[in-house]
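Summary of the model geometry
This is what each chain is made of:
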Amino acid sequence: MTNQTFDAFGIWKEMYDRTESAFRDSIQSTLEQPAFAEGLGQVQKQYLQYQGLVNGMTESYLKQVNVPSRDEIASIASLVINVESKLIDLEDQLDVQEDAHDSHAKEIKQLKTTVNRLDKKLDTVIELLTKQVEAKAAATPTPTPKAAPPQKSLTPAPNAQVKTAATPAAKNTPQTKK
């Protein structure tokens, strides 16, 4: 006797290869026929008509029960997205304006501190000038007003004699040497 073993896997593989080649050939010939393409087009057309009918009925039912349809929800979602993008733009603009406001506020604060420093310095300068003026006033005596002497009139009194200075003639003449 010969030792032969039963190979189930080999038998199954052989049967599969034969069946696959037969089916492949018949399916290939069927797919190549124009009648198959026409039939497939008819099936697709009927499916699209059925789908349109179901969509129309669903939409009319949703309107009757006052429930929004998928298209209405999608429209609302797009509107919400547009509003969100506009809000983001507004927030960005507000941030820019807030940054500008903050920088202006900082500049104003710096100006206030600078003005306060200048005000203090001016107060110090005025105080020092006041002390200096007071010190000069204390150092120099102030003259007390005296009674003013009577002023001489330039016109002679009516009965007054005018004195004229007489010069001796000898003084005016030259002297000779002796």
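Computed from a predicted model, the values in this text were never measured in an experiment.

1. Details of the overall build of the protein
- A tally of helices and strands in the protein yields 4 helices and 0 strands.
- Secondary structure elements of the protein, listed N to C terminal, follow the sequence α-α-α-α.
- Expressed as a percentage of the 178 residues in the protein, the buried residues total 1%.
- Carbon and sulfur atoms provide 60% of the accessible area of the protein, an area that totals close to 18000 Å².

2. Things to note about the pattern of salt bridges
- For the structure on display, the rule yields 5 salt bridges.
- With its nearest N and O atoms 2.3 Å apart, the salt bridge here joins Arg 18 to Glu 14. Linking Arg 18 with Glu 14, this pair stays in helix H1 (residues 8–31), spanning 4 residues, or about one helical turn.
- Owing to a relative accessible area of 58%, Arg 18 belongs among the exposed residues under this scheme.
- By relative accessible area, Glu 14 is classed as partly exposed at 43%.
- The salt bridge partner of Glu 59 is Lys 63, with a shortest N-O separation of 3.9 Å. With Glu 59 and Lys 63 both in helix H2 (residues 34–64) and 4 residues apart, this pair spans about one turn of that helix.
- Take Glu 59: its relative accessible area is 36%, and that puts it in the partly exposed class.

3. Looking at unusual backbone geometry
- Phi is positive for Asn 66, which is not a glycine, with a value near 60 degrees.
- As for its position among the elements, Asn 66 is in the loop between H2 and helix H3 (70–139).

4. Focus: the layout of surface pockets
- What the largest pocket holds in volume is close to 190 Å³.
- Looking at the largest pocket, the residues that line it are Asn 55, Thr 58, Glu 59, Leu 62, Ser 69, Arg 70 and Asp 71.
- The set of elements that each furnish at least two residues to the lining of the largest pocket consists of H2 and H3.
- Looking at the lining of the largest pocket, the element that brings in the most residues is H2, giving 4 residues.
- The class makeup of the residues in the lining of the largest pocket is 1 nonpolar, 3 polar and 3 charged.

5. Some words on the confidence of the model for the protein
- Looking at the protein as a whole, its pLDDT mean stands at 82, while 77% of the residues score no less than 70.
- Note on residues 164–171: pLDDT is under 50 here. Beyond four places in sequence and across chains, it has 1 contact.

Reading the values: the criteria
Residues numbered from 1 in each chain as written. Predicted model: local features only at pLDDT ≥ 70, side-chain atom pairs only at ≥ 80, totals over all residues. Heavy atoms only, no water. Helix = DSSP H or I, 4+ residues; strand = E, 2+ residues; numbered from the N terminus. Buried < 20%, exposed > 50% of the residue type's maximum accessible area, 1.4 Å probe, protein only. Areas by Shrake-Rupley, 256 points an atom, 1.4 Å probe, with all protein chains shown as cover. Salt bridge = Lys/Arg side-chain N within 4 Å of Asp/Glu carboxyl O. 1 Å grid on protein atoms, 1.4 Å probe; cavity = no way out; pocket = protein on both sides within 12 Å on 5 of 7 lines; lining within 4 Å. Points joined across faces, edges and corners; volume = space filled by probe spheres on them. Nonpolar A, V, L, I, M, F, W, Y, C, P; charged D, E, K, R; others polar. pLDDT = per-residue confidence, 0-100. Contact = heavy atoms within 4.5 Å.

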